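Commentary on secondary and tertiary structure
In case you want the letters, here they are:
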Amino acid sequence: MAVRLSTYLKEKYGEKVYRLSLSSGCTCPNRDGSAGITGGCTFCSEGGSGEFAAAFGDVDKQIDEAKKRISQKTDAKKFIAYFQSYTNTYGDPERLGRLYKKAIERDDIVALSLGTRPDCLGQDIMDMLKELNVIKPVCIELGLQTVNEGTAKKIRRGYKLEVFEKAYDALKNASLMVVVHVIFGLPGETREDMLDTIRYLSGLKPVLDGIKIQNLQILKGTDMYEEYVSWKESGEKEDLFRIMSMEEYTDLVAEAVSLLPEKTVVHRMTGDGPRKLLVSPLWSLDKKRVINMLNEKTKGLFSQT
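Report on the accompanying structure. Given the structure is predicted, the values throughout are model-derived calculations rather than measurements.

Basis of the calculations
Residues numbered from 1 in each chain as written. Predicted model: local features only at pLDDT ≥ 70, side-chain atom pairs only at ≥ 80, totals over all residues. Heavy atoms only, no water. Helix = DSSP H or I, 4+ residues; strand = E, 2+ residues; numbered from the N terminus. Rg over C-alpha atoms; globule rule 2.2 N^0.38 Å. Contact = heavy atoms within 4.5 Å. Areas by Shrake-Rupley, 256 points an atom, 1.4 Å probe, with all protein chains shown as cover. Pairing = 2+ DSSP bridges. Salt bridge = Lys/Arg side-chain N within 4 Å of Asp/Glu carboxyl O. Buried < 20%, exposed > 50% of the residue type's maximum accessible area, 1.4 Å probe, protein only. Axes fitted to C-alpha atoms, helices over the stretch in contact; angles between N-to-C directions. Parallel < 35°, antiparallel > 145°, perpendicular 65-115°, else oblique. Left-handed = near helix turned anticlockwise from the far one by under 90°. Polar contact = N/O pair within 3.5 Å; in protein donor to acceptor, adjacent residues only side chain to side chain.

With respect to the overall build of the protein chain
- Counting its secondary structure elements, the protein chain contains 10 helices and 11 strands.
- Against the compact-globule benchmark of 19 Å for 305 residues, the protein chain has a radius of gyration of 19 Å, which places it among compact chains.
- For the protein chain, the spread of C-alpha atoms along the three principal axes comes to 55 × 45 × 40 Å.
- A separation of at least 24 residues holds for 82% of the contacts in the protein chain among residues at least 6 apart in sequence.
- Just so you have it, the protein chain exposes about 14,200 Å², and 50% of that area is on carbon and sulfur atoms.

Below, the structure is given as structure tokens:
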């Protein structure tokens, strides 16, 4: 059975642990043209999917301000430094090493988590990550989204599945934890396409450490938003942008969780979209209701230890 993140963290650290969303000041090879692409993945917002992260600046100040912001939500004393937006291994390894080391050496930080791409893990970056991993655990979050190469091309992911596979092997050989991001509801994908991504990840060796699942969010200012508007205005009957209902989505997530290997940690089952940018699905704004429905439908699917 898969494991909830809260269960895993409490078992590992003996108490509640909270993630702090921080910024490293990195950009993305899908934005600056180095990957032959500009504008980023079609679903990605101007904030690089990190609208809730702290503004870039001194890391101690970022952490302290992030702790203040969430002090009414949690009484946690231990935190994970989560560098979320853009590609956090895309940049000068020396600068990034200093930044992450400063964060990870704090007494209140128990681990480091970096969101990145599998095509941004050169040897100098890998050496830096291994050095940090000696200090405290380092988790690398890879934005795969789908194993369907046709879909990946449509959303301008910018790399092929074999690049992910090589990166995954290298990270696991370096004893780094790996969490993979998946999006359900990408344009043109069927239910079976989405479950095929889960089946693929469930078959990885070594076993996948963790997964983040979220529903596709159509956000203003993205290229996907422009495609969505054009599609709606065209009146085409093709089900390209069929947005799942809350019922459909939660059913799908429950089936996905049932397919995951034993001990794989589920870090997320739904996504947060900025209210001012979100166009669809609007039901995702009612996060409490979505989570309650997910909890009900995944009852019995998670290990308690």
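Back to the write-up after that little detour.
Notes on the sheet that holds strand S6 (residues 177-184)
- Pairing is parallel in the open sheet, where 9 strands are placed in the order S2-S3-S4-S5-S6-S7-S9-S1-S11. The strands lining the two open edges of the sheet, one partner per strand, are strand S2 (17-22) and strand S11 (302-303).
- Here 6 bridges tie S2 to strand S3 (residues 78-83), and the two strands are oriented parallel to one another. Bridging from a neighbouring strand, Arg 19 pairs with Ile 80 of S3.

Describing the pattern of salt bridges
- With the rule as written, the count across this model stands at 23 salt bridges.
- For Lys 172, the salt bridge identified is with Asp 209, shortest N-O distance 2.6 Å. Here the residue Lys 172 occupies a position in helix H6 (residues 161-173), and Asp 209 occupies one in the loop between helix H7 (191-202) and strand S7 (210-215), the gap between them amounting to 37 residues.
- Classification of Lys 172 by relative accessible area gives buried; the value is 17%.
- One salt bridge in this structure joins Lys 297 and Glu 247, with 2.8 Å as the shortest N-O distance. Of the two residues, Lys 297 is situated in helix H10 (residues 287-297) and Glu 247 in helix H9 (residues 246-259); the sequence distance between them amounts to 50 residues.
- For Lys 297, a relative accessible area of 23% corresponds to the partly exposed category.
- Members of the salt-bridge network, linked through shared partners, are Asp 58, Asp 60, Asp 64, Lys 67, Lys 102, Arg 106 and Asp 108.

Focus on the packing of H7 against H9
- Between H7 and H9, the shortest axis-to-axis distance is 9 Å and the interhelical angle comes to 25°. Classified by the angle their axes make, H7 and H9 are roughly parallel. As for the relative orientation of H7 and H9, their crossing is right-handed in sense. For the pair formed by H7 and H9, the contact residues are Arg 191, Met 194, Leu 195, Ile 198, Arg 199 and Ser 202 on the first element and Glu 248, Asp 251, Leu 252, Glu 255, Ala 256 and Leu 259 on the second.

Focus: the packing of helix H2 (residues 59-69) against helix H3 (residues 93-104)
- Their axes nearest at 9 Å, the elements H2 and H3 cross at an angle of 45°. Taken together, the axes of H2 and H3 lie oblique to each other. Our pair here, H2 against H3, has a crossing hand that is right-handed. Facing Val 59, Asp 60 and Ile 63 of H2, the residues of H3 in contact are Leu 99, Lys 102 and Ala 103.

Quick look at the environment of Tyr 82
- Within the element layout of this structure, Tyr 82 appears in strand S3.
- Tyr 82 sits 59 residues away from Ser 23 along the chain, and the two C-alpha atoms are 8.3 Å apart.
- Look past the residues within four positions of Tyr 82 in its chain and what remains in contact with it is Arg 19, Leu 20, Ser 21, Leu 22, Ser 113, Gly 115, Glu 141, His 181 and Lys 212.
- A polar side-chain atom of Tyr 82 sits 3.1 Å from a polar atom in the side chain of Lys 212.

What to know about the environment of Ile 70
- Within the element layout of this structure, Ile 70 appears in the loop between H2 and S3.
- Placed 62 residues apart in sequence, Ile 70 and Tyr 8 show a C-alpha to C-alpha distance of 21 Å.
- When residues no more than four places from it in sequence are discounted, the contact partners of Ile 70 are Tyr 18, Leu 20 and Phe 79.

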